[in-house]
Amino acid sequence: MKAFISTVFLALLGISIQAQTPITLKLNLEKGKMYTVKVTGKQTIQQTVNGQSYSLDVFSNNVTSYKVLKQEYDVMDIEFKFDTIASKISSTMFNKETNSAKTGGTEPLEKIMHKMSTYTIIAKISTGGKFIDFVNFGKFKDNVLFILDSIPAGQRDQAKTQADGVLKESAVKSMIEPLFAYLPEAPVKIGDNWETSFFMVTTNVSLMAQNSFNLKAVENNIASVTGKTEIESIPSTDPNAQMTQELKGTMTSDGTIDITTGLTLKNSSKGHIEGTATMKNNGNEMKIPIVVDSQSETIMLK
């Protein structure tokens, strides 16, 4: 009996010590090794126009590969390639699919996306997961914009507008920054909380994401982390914007982090956002209520 009690006591003591032992979560990536992450998502968007409710589903599938080119102290030059940029919109009114993998697409946006997946872009990222700056953004953008010369003259103005939206530096940054925006600035132990933040920018809306994470458990060099994100749109400063959006909501997540590399192994999230879109046309305004329910999954492929 004494031996049994001693064994239980030692086991509980071990658990207690483990819970109080801080761990350091930071990026520790092997130079030249290729890492690949896949992010899939679904958004169900409800809009109400003139009292009539409309619903559409947006599916996304993005695969990004990257490797460290060099590292000086705690700053890395990482080369990113957007291997797959795909989305599908499904509704009773229309259906549309865009996939960067299509080489013979006729849609201008699809051609732009294909070029974005062809070239690489280099960014400086700290070992703490902080996005610092691009190294070759201008060259990357110029390489993609060459595609405009092959687009028929009648579609070129539309293509230029689309390219300006998806190739904004802040929009391209939003394709990279969230991949690492979960790491704490200091060592943490089980039960600790920490906060991070980043911007999410698309062609027609900018959102601020304020994240709060909690370390739930550590086992076999894998950290289990839960999170809650407060999301709110940033007011547009463009007086000529034809559409503005005021949105606010929350997202919850559960994930695992490889303590050795600091990379997310798997993360699942669900979110709910509500707000209003304001459409402007010839001096008139129309406000459209919007409700967005979303779910996404991030998986480290290799």
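Residues numbered from 1 in each chain as written. Predicted model: local features only at pLDDT ≥ 70, side-chain atom pairs only at ≥ 80, totals over all residues. Heavy atoms only, no water.

Chemist: What exactly am I supposed to notice about the pattern of salt bridges here?
Modeler: Working definition: two side chains of opposite charge can pair if their charged atoms are close together. Counted according to the given criterion, the structure contains nine salt bridges. Here Lys 70 and Asp 77 are joined by a salt bridge, their closest N and O atoms 4.0 Å apart. Under the relative-accessibility criterion, Lys 70 is labelled partly exposed at 37%. Judged by its relative accessible area of 8%, Asp 77 falls in the buried class. Across the pair Asp 192 and Lys 189 runs a salt bridge whose closest N-O atoms are separated by 3.8 Å. By relative accessible area, Lys 189 is classed as partly exposed at 27%. Overlapping salt bridges bring together Lys 70, Glu 72, Asp 77 and Lys 124 as one network. (Salt bridge = Lys/Arg side-chain N within 4 Å of Asp/Glu carboxyl O. Buried < 20%, exposed > 50% of the residue type's maximum accessible area, 1.4 Å probe, protein only.)

Chemist: Help me out: how do you make sense of the nonpolar core in this one?
Modeler: Inside soluble globular proteins, nonpolar side chains tend to come together where they are buried. Ranked by size, the top nonpolar core spans 46 residues in total, and within it Tyr 66 and Phe 80 carry the most contacts. Residue contributions to this core peak at five residues, all from strand 3 (residues 75-91). The residues touching Phe 80, leaving out its near neighbours within four places in the chain, are Thr 64, Ser 65, Tyr 66, Tyr 119, Thr 120, Ile 121, Ala 123, Ile 125, Ile 176, Leu 179 and Phe 180. Among the nonpolar cores identified, the runner-up in size contains twelve residues, and Ile 231, Ile 288, Ile 290 and Val 292 belong to it. (Core = buried A, V, L, I, M, F, W, Y, C linked by side-chain atoms within 4.5 Å. Helix = DSSP H or I, 4+ residues; strand = E, 2+ residues; numbered from the N terminus. Contact = heavy atoms within 4.5 Å.)

Chemist: Help me understand the confidence of the model for the chain, please; the structure alone is not making it clear to me.
Modeler: For any part of a model where pLDDT is low, the fine detail of the predicted coordinates should not be relied upon. Averaged over every residue, the pLDDT of the chain is 88; the share at 70 or more is 91%. Element-level mean pLDDT values for the chain span from 46 in helix 1 (residues 2-20) up to 98 in strand 5 (residues 120-126). This stretch, residues 1-6, has a pLDDT under 50; its non-local contacts, to residues over four places away or in other chains, come to zero contacts. Counting contacts from residues 8-18, a segment whose pLDDT is below 50, to residues more than four positions away or on other chains yields two contacts. (pLDDT = per-residue confidence, 0-100.)

Chemist: Is there a simple way to think about the packing of helix 2 (residues 108-116) against helix 4 (residues 153-166) in this case?
Modeler: A pair of packed helices is captured by two measures, namely the crossing angle of their axes and the spacing between those axes. In contact at an axis separation of 9 Å, helix 2 and helix 4 are set at 45 degrees when each is read in the N-to-C sense. Compared by their axis directions, helix 2 and helix 4 come out oblique. Where helix 2 crosses over helix 4, the handedness of that crossing is right-handed. For the pair helix 2 and helix 4, contact is made by Pro 108, Leu 109, Ile 112, Met 113 and Met 116 and by Gln 155, Ala 159, Gln 162, Ala 163 and Val 166, respectively. (Axes fitted to C-alpha atoms, helices over the stretch in contact; angles between N-to-C directions. Parallel < 35°, antiparallel > 145°, perpendicular 65-115°, else oblique. Left-handed = near helix turned anticlockwise from the far one by under 90°.)

Chemist: Whenever I open this one, the pairing of strand 6 (residues 131-134) confuses me. Can you help?
Modeler: Of the pairings in the sheet, the one linking strand 5 to strand 6 comprises three bridges and is antiparallel in character. Residue pairing for strand 6: Ile 125 is matched across the bridge by Phe 131. Hairpin connection of strand 5 to strand 6: four residues between the antiparallel strands, including Gly 129 at a positive phi of 85 degrees. (Pairing = 2+ DSSP bridges.)

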